[in-house]
Amino acid sequence: MVASESCALDAVGASFVRDVEPGEVVVFEPSGVRSIREHCGECKPSLCVFEYIYFARPDSVIDGASVHEARVRAGEFLAIKQPADADIVIGVPDSGLDAAVGYARQSGIPYGIGFIKNRYIGRTFISPGQKSREDKVRIKLNPIASVVRGKRVVLIDDSIVRGTTSKRIVNLLRDAGATEVHFRVTAPPFLNPCYYGTDIDSRENLIACRHTIPEIAEIIGVDSLGYLAQEDVHCLADSSACGGYCDACFSGKSAPSPGLSTKKAKGGLRNEKLFRIL
Ligand code: SF4
């Protein structure tokens, strides 16, 4: 059995054997299993760091590093570098929850469950239109008013892309009675479209390209806003056996595999990743 995430193996009771390596092609034939590796030559591994931040399920293990632990760690980094005076820490389900645990543990501020997620609706950032995305946020998340009412809330999410979803989530909290909202993001500002994973077609659609952090805070309506530091991104999964990460959506520095032309890499890998997240 081969799966894009280890949690799929757990679900069917399969045992994890090993990761498919960067550039490796594994061929299953009647005569057995073989690997093809030579076609890549010497290439530097460049695992998508956004797998640890958002794409992967927290019960997955990538290259030997737990996604859950990486997200908890992001929350701990944020608590140290982006502290807040607050009464409760909550996460935006699902990928903000693990980091909220880390932020609460590191800061000493109690952790709470602030939102209940409707489990019958998909991820919002891949919805085709703005109206569709906003409708889905409303249906997808419902705040627990008794948890946040009258409280200064630290709200943890994995990213701010266009800003519209974040603004809507903050409004939900305010309507539920939160007195302050301190937004913390488990990634650096999202500055570059990615052809491999996030399906953002233009920098125009990225709020961090057009606004400063204080401006974004004002637009989404929060009392303070803090992002994960760029230098902490590569420390999220220290135990990973991966030899290097891509962080181009934050840093702008990418290293396409020398074995593939950029054009081929864009088409092929984009389709593979979209297939998986859809
Ligand atoms: S640029 Fe794309 S592949 Fe690289 S870290 Fe960002 S989402 Fe992942």
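Look up: the structure comes first, before these words.
In this text, all values refer to a predicted model and were calculated from it rather than measured experimentally. (Residues numbered from 1 in each chain as written. Predicted model: local features only at pLDDT ≥ 70, side-chain atom pairs only at ≥ 80, totals over all residues.)

Q: Explain the sheet that holds strand β6 (residues 88-91) to me, please; I cannot follow it from the model alone.
A: Across a sheet, paired strands are connected by hydrogen bonds in the backbone, their directions being either parallel or antiparallel. Strand order in this open sheet of 4 strands is β6-β9-β10-β11, and the pairing throughout is parallel. Of all strands in the sheet, those bounded by a partner on one side alone are β6 and β11 (224-227). Direction aside, neighbouring strands of the sheet carry axes that sit 20 degrees apart on average. Strand direction decides the pairing type here: strand β10 (residues 180-185) and β11, joined by 4 bridges, are parallel. Bridge pairing links His182 to Ser224 in β11. (Pairing = 2+ DSSP bridges. Helix = DSSP H or I, 4+ residues; strand = E, 2+ residues; numbered from the N terminus. Axes fitted to C-alpha atoms, helices over the stretch in contact; angles between N-to-C directions.)

Q: Help me out: how do you make sense of the site of the ligand in this one?
A: Near the ligand there are 11 residues, and of these Cys48, Cys194, Cys246, Ala248 and Cys249 occur at the shortest range. Residues belonging to the shell around the ligand are distributed by class as follows: 8 nonpolar, 2 polar and 1 charged. (Near = placed C-beta within 6 Å. Nonpolar A, V, L, I, M, F, W, Y, C, P; charged D, E, K, R; others polar.)

Q: Explain the nonpolar core to me, please; I cannot follow it from the model alone.
A: Core analysis: the largest hydrophobic core is formed by 67 residues, its most contacted members being Val49, Tyr52, Val89, Tyr103, Val153, Val154 and Leu155. Ranked by residues supplied to this core, first place goes to helix α3 (residues 67-81) with 7 residues. Setting aside residues up to four positions removed in sequence, Tyr103 forms contacts with Gly75, Leu78, Ala79, Val89, Val154, Ile156 and Arg184. (Core = buried A, V, L, I, M, F, W, Y, C linked by C-beta atoms within 7 Å. Buried ≥ 20, exposed ≤ 12 C-beta atoms within 10 Å, placed from the backbone. Contact = placed C-beta atoms within 7 Å.)

Q: How should I be thinking about the pairing of strand β1 (residues 25-29) in this particular structure?
A: Within a regular beta strand, the side chains point alternately toward one face of the sheet and then the other, so they alternate between its two faces. Little of β1 sits inside the fold, with 0 of its 5 residues counted as buried. In terms of strand pairing, β1 meets strand β2 (residues 32-36) through 5 bridges, oriented antiparallel. Looking at β2, one finds that Phe28 is bridged to Val33. Counted between consecutive antiparallel strands, the loop separating β1 from β2 contains 2 residues.

Q: Honestly, helix α4 (residues 95-107) in this entry has me stumped. Any pointers?
A: It helps to recall that an α-helix has 3.6 residues per turn; residues three or four apart then point in one direction. With 13 residues, α4 should reach 18 Å at 1.5 Å per residue; the first-to-last C-alpha distance of 19 Å fits that figure. Across the 13 residues that make up α4, a large majority, 10, are buried. When we look at burial in α4, the residues that qualify are Ser95, Gly96, Leu97, Asp98, Ala99, Ala100, Gly102, Tyr103, Ala104 and Ser107. Buried positions along α4 lie against α2 (50-55), α3, β6, β9 (152-157) and β10. (Expected span 1.5 Å × (residues − 1).)

Q: Sorry if this is basic, but what is going on with the environment of Ile116 here?
A: Along the polypeptide, Ile116 turns up in strand β7 (residues 115-117). Through-space distance from the C-alpha of Ile116 to that of Asp94 is 9.8 Å; in sequence the pair is 22 residues apart. Other than its neighbours up to four places away in sequence, Ile116 contacts Asn142 and Ile144.

Q: What is the right way to read helix α7 (residues 164-175) from this model?
A: End to end, α7 covers 16 Å across 12 residues, agreeing with the expected 16 Å (1.5 Å per residue, within 8%). Taken together, the buried positions of α7 are occupied by Thr165, Ser166, Ile169, Val170 and Leu173. In an axial view of α7, the angular spread of the buried residues amounts to 135 degrees, which keeps them on one side of the axis. A positive phi of about 105 degrees marks Gly177, the residue just after α7. (Arc of directions from axis to C-beta.)

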